[in-house]
Amino acid sequence: LGLPDRDGAGPVRFRHELQYREGLKWGNQVAAFRWNHVFGPKLFSNLTLTYSKLGVDVGYATRDSLIQEEPLQLLGKSLEYGRYRSSIEDVGARFDFEWSPGSRHQLRFGGQATYHRLQPGVVQYDEKTEELLLDPGPSGGQYESMELALYVDDDVRLGEALSLNVGLRSAFWSGDRPYLALEPRLALSWAAGPRTTLHASAGAHTQFLHLLSSSNFGLPTDLWVPAT
C-alpha cells in the first residue's frame with residue numbers, strides 16, 4: 001500500500017501482516033482388569049480395576065501488524081490468544097459380592113474407590129481490550145479428589161407376581177471440602193398379567209462431577225469440573 005507523504009516527496013509504503021495459528025489435540029485412554037471368584041454355591045465376587053483418561057486441548061493465536069517500510073517502524077499491532085483445555089483422569093477399584101441366602105432373597109453388597117484428577121481451563125486474551133479470562137484454580141487448574149462408596153441391596157421375592165428391591169448406598173467425596181451422602185432406593189415390580197408388568201421406584205442420587213457443555217464449537221470441548 002503506497003500513499004503520498006505530507007511533503008509530496010514520494011509515496012510512503014505500508015505493509016500489513018496477519019499471522020494465524022491453531023491446533024487441536026484430543027483423545028481417550030481406557031484400561032480395565034476384572035477377576036471373578038466363586039466362594040461356593042451361594043457366594044460370588046467380582047473385582048474390577050479401571051483406568052480412563054480424556055484429554056482435549058484447543059488453541060489459537062492471531063497477530064495483526066501494520067508496518068511502515070521507509071523509515072521502518074511498527075505503527076500498530078493487535079494480539080488475540082485463546083486456549084480451551086479439559087482433562088479428566090480416573091483410577092478406580094470396585095469389589096462386588098452376590099449372596100443367595102435362600103430362594104426369596106438375592107443380596108448384593110460391596111464398595112468402590114475412585115481417584116479423580118481434573119484439569120479444566122479456559123484462557124482468552126485480547127490486546128485491544130486487555131481482557132484476560134483465566135481461572136486456574138488450585139495447583140494451576142488441577143483438581144484432585146477421592147470418591148468412596150459402600151452399598152447393599154436385596155431383591156426380595158414377596159410372591160409369584162410381586163418382588164421388591166430395597167437398598168442403601170453411602171457416598172463420600174473428598175475435594176475442596178468433604179461431602180457425605182446417603183442414597184436410599186426402593187423399587188417394586190408386579191406382574192399383572194402374562195404381558196403386563198407394573199414398576200414403581202424411588203431413590204436419592206448424588207452427583208459430584210459436572211459436565212459443562214458448549215454449543216459454540218463443533219468439537220469435543222466439554223469441560224469436566226468437580227463439586228466445590
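First, a word on scope: everything that follows refers to the structure included in this document. Predicted model only: the values in this text are computed from it and were never measured. (Residues numbered from 1 in each chain as written. Predicted model: local features only at pLDDT ≥ 70, side-chain atom pairs only at ≥ 80, totals over all residues. Heavy atoms only, no water.)

## Description of the overall build of the protein
Now for step 1: Each helix and strand in the protein was counted, giving 0 helices and 13 strands.
Now for step 2: Walking the protein from its N terminus toward its C terminus, one meets helices and strands in the order β-β-β-β-β-β-β-β-β-β-β-β-β.
Now for step 3: Buried positions account for 24% of the 228 residues belonging to the protein.
Now for step 4: Accessible surface, the protein: about 15600 Å² in total, of which carbon and sulfur atoms supply 56%. (Helix = DSSP H or I, 4+ residues; strand = E, 2+ residues; numbered from the N terminus. Buried < 20%, exposed > 50% of the residue type's maximum accessible area, 1.4 Å probe, protein only. Areas by Shrake-Rupley, 256 points an atom, 1.4 Å probe, with all protein chains shown as cover.)

## Some details on the environment of Y60
Now for step 1: Mapped onto the elements of the fold, Y60 is located in strand β3 (residues 43-68).
Now for step 2: Judged by relative accessible area, which is 25%, Y60 ranks as partly exposed.
Now for step 3: Residues Y60 and Y20, 40 residues apart in the sequence, show an inter-C-alpha distance of 7.4 Å.
Now for step 4: A polar atom in the side chain of Y60 sits 3.3 Å from the side chain of E80. (Polar contact = N/O pair within 3.5 Å; in protein donor to acceptor, adjacent residues only side chain to side chain.)

## Some words on the packing of aromatic side chains
Now for step 1: The final tally for this structure, using the stated rule, is 4 aromatic pairs.
Now for step 2: Ring centres of F97 and F109 lie 5.2 Å apart, and the angle between their planes is 10 degrees; on these two criteria the pair is classed as stacked. You can see F97 sitting in strand β4 (residues 73-102) and its partner F109 sitting in strand β5 (residues 105-118), a full 12 residues away along the chain.
Now for step 3: Among the aromatic residues, those joined into a cluster by ring pairs are F39, F95, F97 and F109. (Phe/Tyr/Trp six-rings, centres within 6.5 Å; stacked < 30°, edge-to-face > 60°.)

## So, the pattern of salt bridges
Now for step 1: Summed over all chains, the structure comprises 8 salt bridges.
Now for step 2: A salt bridge links E17 to R15, with the shortest nitrogen-to-oxygen separation between them at 2.9 Å.
Now for step 3: For R15, a relative accessible area of 31% gives the class partly exposed.
Now for step 4: Two residues, E183 and R185, come together in a salt bridge whose shortest N-O distance is 3.6 Å.
Now for step 5: Since its relative accessible area comes to 29%, R185 is described here as partly exposed.
Now for step 6: Among the charged side chains, a network of salt bridges with common partners joins E89, R117 and E144. (Salt bridge = Lys/Arg side-chain N within 4 Å of Asp/Glu carboxyl O.)

## Looking at a nonpolar patch on the surface
Now for step 1: On the surface, F33, W35, L49 and F95 cluster together into a nonpolar patch covering about 380 Å² of accessible area.
Now for step 2: For F33, the position within the fold is in strand β2 (residues 11-38).
Now for step 3: Classification of F33 as partly exposed rests on a relative accessible area of 46%. (Patch = residues over 30% accessible without salt bridge, like charges linked within 9 Å, V, L, I, M, F, W, Y side chains within 5 Å.)

## Points about the pairing of strand β9 (residues 162-174)
Now for step 1: In terms of strand pairing, strand β8 (residues 143-157) meets β9 through 12 bridges, oriented antiparallel. Looking at the pairing, E147 lines up with W173 of β9.
Now for step 2: Counting the residues between successive antiparallel strands, the hairpin from β8 to β9 contains 4 residues.
Now for step 3: The pairing of β9 with strand β10 (residues 178-193) spans 13 bridges and is classified as antiparallel. Across the sheet, residue F172 finds its bridge partner in β10, namely L180. (Pairing = 2+ DSSP bridges.)

## Concerning the pairing of β2
Consecutive residues of a regular strand have side chains that alternate between opposite faces of the sheet.
Now for step 1: Where β2 and β3 come together, 25 bridges link them in antiparallel fashion. Looking across to β3, one finds that A31 is bridged to Y51.
Now for step 2: Following β2, the chain reverses through 4 residues before pairing antiparallel with β3.

## Let's talk about the side chain of N165
Now for step 1: Take N165: it is sitting in strand β9.
Now for step 2: Given the relative accessible area of 17%, N165 is considered buried.
Now for step 3: Among the polar contacts listed, one links the side chain of N165 to the side chain of D153, at a separation of 3.5 Å.
Now for step 4: Here the side chain of N165 touches D155 through a polar contact of 2.5 Å, side chain to side chain.
Now for step 5: Residue contacts for N165: discarding those within four places in its chain leaves R108, D153, D154, D155, R185, L186 and A187. (Contact = heavy atoms within 4.5 Å.)

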